[in-house]
Amino acid sequence: MGKWAIAVHGGAGVDPNLSTRCQEDAKRLLTRRLNLGISTLRSNLTAIDVVELVVRELETDPVFNAGRGSALTVKGTVEMEASIMDGVKRRYGAVSGLTTVKNPISLARLVMDKSPHSYLAFSGAEEFARTQAVELADDAYFITEDCMEQLKLAKKANANLFGLPTVGRETCKMKAEDNSLWMNGQPISVYAPETVGCVVVDCQGRCAAATSTGGLMNKMVGRVGDSPIIGAGTYACELCGVSCTGEGEAILRATLAREVAAVMEYKGLSLQEAVDYAIKERLDEGKAGLIAVSNKGEVACGFNCVGMFRGYATEDGTMEVAIWDEIFVV
Amino acid sequence: MGKWAIAIHGGAGVDPTLSDKAQKDAKQLLERCLKLGVSDLRANKAAIDVVERIVKELEDDPVFNAGKGSVLTNKGTVEMEASIMDGQGRKYGAVSGLSIVKNPVSLARRVMDKTPHSYLAFAGAEEFARAQGVEEKEKSYFIVEDRKKVLNYAKKINETLFGYPEIDSKTLKPKGEVPLRKNAQPSFGYYRPETVGCVVVDKRGMCAAATSTGGMTNKMVGRIGSAPIIGAGTYACELCGVSCTGEGEFILRAMLAREVAAAMEYKGLSLKEAVENAINKRLDKGQAGLIAVSNKGEVAYGFNSNGMFRGFATEDGMEIGIWDKMFKV
């Protein structure tokens with residue numbers, strides 16, 4: 001029997017002025033989801049089932065940008081996407097452009113298991129959802145007040161190239177000139193907590209990964225990011241499971257999730273070395289973060305931006321949840 | 001000045017009973033496109049411009065499954081997708097779900113150059129196309145009689161088509177009653193020319209790649225394959241440019257195009273070795289083919305399927321082929 005391990009994330013790139021209340025809410029949620037994952041791993045659930053279960057819960061939380069609470073397109077609509085990958089045989093399922101499906105990650109799983117394809121999008125994906133009788137919901141469920149506010153701020157920010165709104169989320173200023181406080185062309189104060197993800201290695205040494213998101217605030221209708229793309233936002237193979245978050249275009253061009261596995265495979269790097277390599281060497285000017293587990297029961301994370309909502313637990317009893325660089329043992 | 005090279009393909013997995021006329025048409029198209037590419041490269045055009053131009057030509061011609069002549073979804077509609085990648089800076093643009101845009105690869109280029117995003121799909125992509133004023137055609141422009149016949153056949157046998165029997169390489173005839181394949185499940189069907197692609201290294205040693213397709217016959221509406229996915233159907237970086245074709249689900253899971261570059265980067269393999277490694281070791285039971293160029297002016301291809309429409313040219317000459325043998329042009 002191998003050792004299990006689990007990691008979750010709720011997005012890379014966090015407003016350093018985020019209110020304490022928001023920070024505590026997020027940490028509490030991550031802890032709860034981690035605990036759910038841990039109890040399923042202790043009951044011997046397989047990695048692929050655990051990642052789906054945990055991401056479903058994160059999609060249900062309005063706090064993170066996935067499922068309920070998803071970021072909004074330029075038209076104020078929701079277009080959710082997700083992908084899931086099973087390290088056993090490298091099977092993969094993904095969806096994009098969902099507007100009524102309550103749990104995109106579960107639809108991605110169904111694409112993988114119940115269709116002859118790997119990736120379904122937009123109206124075709126919604127049609128498939130209906131044939132699979134998955135739970136649906138309407139706009140009012142997915143679109144939160146918070147996100148509508150964020151969209152307004154994002155539109156204002158995109159309109160002012162150099163000026164910055166001085167009001168962040170519930171707090172005040174930030175330095176306009178500080179480049180590290182911009183992500184995806186938006187000041188960090190309007191760059192909402194992002195994509196969610198989960199990676200797991202179960203006690204049989206099987207790895208799996210899953211990622212889900214509403215995408216970029218104020219994105220063009222039809223824009224697909226890195227989260228549903230194999231090798232970019234999500235990857236799992238015999239050696240490891242990886243889920244990424246951050247600047248989608250940078251993650252895509254870096255094929256970031258695949259890189260972690262590739263350098264383990266081809267250069268014999270350890271999990272942490274591979275994660276560090278991917279973050280340092282592959283992102284060019286981009287900002288992102290990722291979580292990863294190895295088939296040996298190790299867990300690692302890395303990010304080159306300001307903060308990342310994350311948590312992890314291993315079979316030997318370690319459990320940590322963090323936002324900034326310091327780790328808080330739970 | 002470095003050495004330029006160009007390779008193009010019109011799909012891996014070829015119907016062994018393809019008529020002589022169809023084979024001739026395909027070879028003529030490949031030759032014509034290669035010659036266009038060669039003259040562009042001699043005139044010092046940039047790799048990214050050459051791959052776009054050549055794939056546009058392949059889309060405009062109904063012979064292959066891209067642009068005009070795209071295969072049909074299970075509803076008889078066309079949903080085209082494409083991607084383009086510039087090895088310089090690893091910039092990338094992709095589109096999916098197009099039904100009226102005349103040249104998907106050109107729209108993918110615009111996504112790369114003119115939006116803050118990398119990939120636009122379906123209604124959003126067509127809105128963008130309208131806003132950019134790119135050339136559009138009626139839906140019927142893309143649909144050719146042959147593809148309707150293939151769809152009807154697929155529906156009759158209720159299969160998503162990607163399959164062909166094993167052939168005897170001497171007689172080029174099917175070997176007995178070997179069941180055909182459907183994306184990892186044995187089934188009956190017959191296969192048709194598929195995805196198109198082009199990879200180029202220009203005189204400055206810059207690599208680029210582009211891939212375009214209508215997808216799979218009788219696919220579910222909304223299905224996205226490997227062609228628009230970075231690292232799967234298309235990849236380009238400082239070292240090389242790669243375009244793949246074949247069973248989409250396997251190409252995706254293998255991240256086939258990225259694999260070629262990764263083996264060169266991380267294992268120090270040569271282009272040819274990296275291509276062989278990708279085809280022989282990464283595909284599991286899938287069938288696919290790929291073309292690749294390196295920044296040193298080398299060109300390579302590989303396929304484990306029944307034939308692949310392909311051609312390449314370097315300063316030393318030009319060759320095209322369908323089956324195992326390549327013919328000098």
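Residues numbered from 1 in each chain as written. Chains lettered and ligands numbered in written order. Predicted model: local features only at pLDDT ≥ 70, side-chain atom pairs only at ≥ 80, totals over all residues. Heavy atoms only, no water.

What to know about the overall build of chain A
Secondary structure summary: chain A contains nine helices and 16 strands in total. Here chain A, with 330 residues, has 67% of them falling under the buried criterion. Sequence-distant contacts in chain A: of pairs separated by 6 or more residues, those separated by 24 or more amount to 67%. Taken as a whole, chain A presents about 11,400 Å² of accessible surface, with 52% of it coming from carbon and sulfur. (Helix = DSSP H or I, 4+ residues; strand = E, 2+ residues; numbered from the N terminus. Buried < 20%, exposed > 50% of the residue type's maximum accessible area, 1.4 Å probe, protein only. Contact = heavy atoms within 4.5 Å. Areas by Shrake-Rupley, 256 points an atom, 1.4 Å probe, with all protein chains shown as cover.)

Considerations on helix α4 (residues 122–132) of chain B
Turning to α4(B), its buried residues number three or more, namely F122(B), G124(B), A125(B), E126(B), F128(B) and A129(B). In this structure, the buried side of α4(B) is in contact with β4 (119–121) and α4 (122–131) of chain A together with β3 (91–98), α3 (104–114) and β4 (119–121) of chain B. Looking one or two residues past α4(B), G133(B) carries a phi angle of roughly 65 degrees, positive in sign.

Quick word on the nonpolar core
Ranked by internal contacts, the top residues of the largest apolar core, which has 105 residues, are Y119(A), L256(A), L290(A), Y119(B), I229(B), L256(B) and L290(B). Dropping the residues within four chain positions of it, L256(A) is found in contact with G231(A), A232(A), C244(A), I251(A), A278(A), R282(A), L283(A), A288(A) and L290(A). (Core = buried A, V, L, I, M, F, W, Y, C linked by side-chain atoms within 4.5 Å.)

As for the packing of helix α8 (residues 256–267) of chain B against helix α9 (residues 271–281) of chain B
Residue and element names in this part refer to chain B. Their axes nearest at 9 Å, the elements α8 and α9 cross at an angle of 130 degrees. With respect to each other, α8 and α9 are oriented oblique. Between α8 and α9 the crossing geometry is right-handed. Note on element contacts: α9 touches α8 through L271, A274, V275, N277 and A278, opposite L256, E259, V260, A263, M264 and K267. When grouped by side-chain class, the residues that make up the contact of α8 with α9 number eight nonpolar, one polar and two charged. (Axes fitted to C-alpha atoms, helices over the stretch in contact; angles between N-to-C directions. Parallel < 35°, antiparallel > 145°, perpendicular 65-115°, else oblique. Left-handed = near helix turned anticlockwise from the far one by under 90°. Nonpolar A, V, L, I, M, F, W, Y, C, P; charged D, E, K, R; others polar.)

Things to note about the UniProt feature "binding site: substrate" (unreviewed entry) in chain A
Residue and element names in this part refer to chain A. The feature "binding site: substrate" (unreviewed entry), as given by UniProt, occupies R223, V224, G225, D226, T245, G246, E247 and G248 in the numbering adopted here. Owing to a relative accessible area of 1%, G246 belongs among the buried residues under this scheme. Among the structural elements, G248 can be located in helix α7 (residues 248–254). In this structure G248 touches N184, R223 and D226, once residues within four positions along its chain are discounted. (UniProt positions renumbered as here; feature names shortened; annotations may be inferred.)

Remarks on the interface of chain B and chain A
Many authors give the size of an interface as the accessible area that is lost as the parts come together. Contacts between the two partners involve 43 residues from chain B, matched on the other side by 42 residues from chain A. Across the interface of chain B and chain A, roughly 3,700 Å² is buried in total on both sides, 56% from carbon and sulfur atoms. Together, R90(B), R253(B) and Y266(B) form the three largest contributors to the area buried by chain B at its contact with chain A, with a combined 20%. The interface formed by chain B and chain A contains eight salt bridges. Residues R282(B) and E265(A) are paired through a salt bridge, measuring 3.1 Å at the closest nitrogen-oxygen approach. Every element with two or more residues in the side of chain B that touches chain A is listed here: β3, β4, α4, α7 (248–254) and α8 of chain B. A total of seven residues in the side of chain B that touches chain A trace back to one element, the largest contributor, which is α8(B). For the side of chain B that touches chain A, the class distribution of residues is 20 nonpolar, nine polar and 14 charged. Direction of pairing for strand β9 (residues 223–224) of chain A relative to β4(B): antiparallel, over a ladder of two bridges. When the sheet's bridge partners are listed, R223(A) is paired in β4(B) with L120(B). (Buried area = accessible area lost by both parts, 1.4 Å probe. Salt bridge = Lys/Arg side-chain N within 4 Å of Asp/Glu carboxyl O. Pairing = 2+ DSSP bridges.)

A closer look at the sheet that holds strand β12 (residues 288–294) of chain A
In a beta sheet, neighbouring strands are held together by backbone hydrogen bonds and run either parallel or antiparallel to one another. Residues and elements named next belong to chain A. Across the sheet, which stays open at both edges, the four strands sit in the order β10-β11-β12-β13 with antiparallel pairing between neighbours. Across the chains shown, the open sheet's two edge strands, defined by having one partner strand only, are β10 (234–236) and β13 (299–303). Recorded for the sheet is a direction-independent mean angle of 10 degrees between the axes of neighbouring strands. Pairing of β10 with strand β11 (residues 240–246) involves three bridges; the strand directions are antiparallel. From the neighbouring strand, T234 faces β11, where its bridge partner is S243.

Quick notes on the sheet that holds strand β12 (residues 299–303) of chain B
Residue and element names in this part refer to chain B. Pairing is antiparallel across the open sheet formed by four strands, whose spatial order is β9-β10-β11-β12. Every interior strand has two partners, whereas the edge strands, β9 (234–236) and β12, have only one. Looking at each pair of strands side by side, their axes are set apart by 10 degrees on average, direction ignored. Of the pairings in the sheet, the one linking strand β10 (residues 240–246) to strand β11 (residues 288–294) comprises seven bridges and is antiparallel in character. In the strand pairing of β11, C244 is matched with L290. Lying on the sheet, α8 is in contact with β9, β10 and β11; it crosses β10 at an angle near 145 degrees.

Topic: the state of the cysteines
Tallied over the full model, the rule gives zero disulfides over all chains. Its sulfur unpaired, C240(A) is 4.1 Å from the next cysteine sulfur, which belongs to C237(A). Exposure remark for C240(A): the relative accessible area of 0% places this residue in the buried category. Not engaged in a disulfide, the cysteine C207(B) finds its nearest cysteine sulfur in C240(B); these two sulfurs lie 6.4 Å apart. (Disulfide = S-S within 2.5 Å.)

As for the environment of L290(A)
Residues and elements named next belong to chain A. Within the element layout of this structure, L290 appears in strand β12. The spatial distance from the C-alpha of L290 to the C-alpha of V260 is 9.7 Å, given a sequence separation of 30 residues. Setting aside its immediate chain neighbours within four residues, L290 contacts V242, S243, C244, L256, V260, V275, A278, I279, A300, C301, G302 and M308.

Things to note about the packing of helix α1 (residues 20–42) of chain B against helix α2 (residues 47–60) of chain B
Residue and element names in this part refer to chain B. One can describe the packing of α1 onto α2 by two numbers: an axis separation of 10 Å at closest approach and a directional angle of 160 degrees. The angle between α1 and α2 places the two elements in the roughly antiparallel class. Viewed along their axes, α1 and α2 form a crossing whose handedness is right-handed. Seen from α1, the contacting residues are L29, R32, C33, L36, G37, D40 and L41; seen from α2, they are V50, R53, I54, E57 and L58.

Re the UniProt feature "active site" (unreviewed entry) in chain A
Residue and element names in this part refer to chain A. Under the feature "active site" (unreviewed entry), the UniProt entry names T195. Relative to the assigned elements, T195 resides in the loop between β6 (186–187) and β7 (196–201). The class of T195 is buried, set by a relative accessible area of 2%. When neighbours within four sequence positions are excluded, T195 is seen to be in contact with H9, G10, G11, N65, T211, S212, T213, S227, C244 and T245.

Remarks on the UniProt feature "active site" (unreviewed entry) in chain B
Residues and elements named next belong to chain B. According to UniProt, the feature "active site" (unreviewed entry) maps to T195 in the numbering used here. Turning to its location among the elements, T195 is positioned in the loop between β6 (185–187) and β7 (196–201). Sequence-distant contacts of T195, that is, excluding residues within four places in its chain, are made with H9, G10, G11, N65, T211, S212, T213, A227, C244 and T245.

Here we look at the pattern of salt bridges
Evaluated as defined, the whole model comprises 45 salt bridges over all chains. Across the pair R282(B) and E259(B) runs a salt bridge whose closest N-O atoms are separated by 3.6 Å. Of this pair, R282(B) sits in the loop between α9 and β11 while E259(B) sits in helix α8; the two residues are 23 residues apart in sequence, bridging distant segments of the chain. Take R282(B) and E259(B): they sit in the same class, and that class is buried. Bridged by salt links that share partners, the residues D49(A), E52(A), D86(A), R91(A), R109(A) and D113(A) form one connected network.

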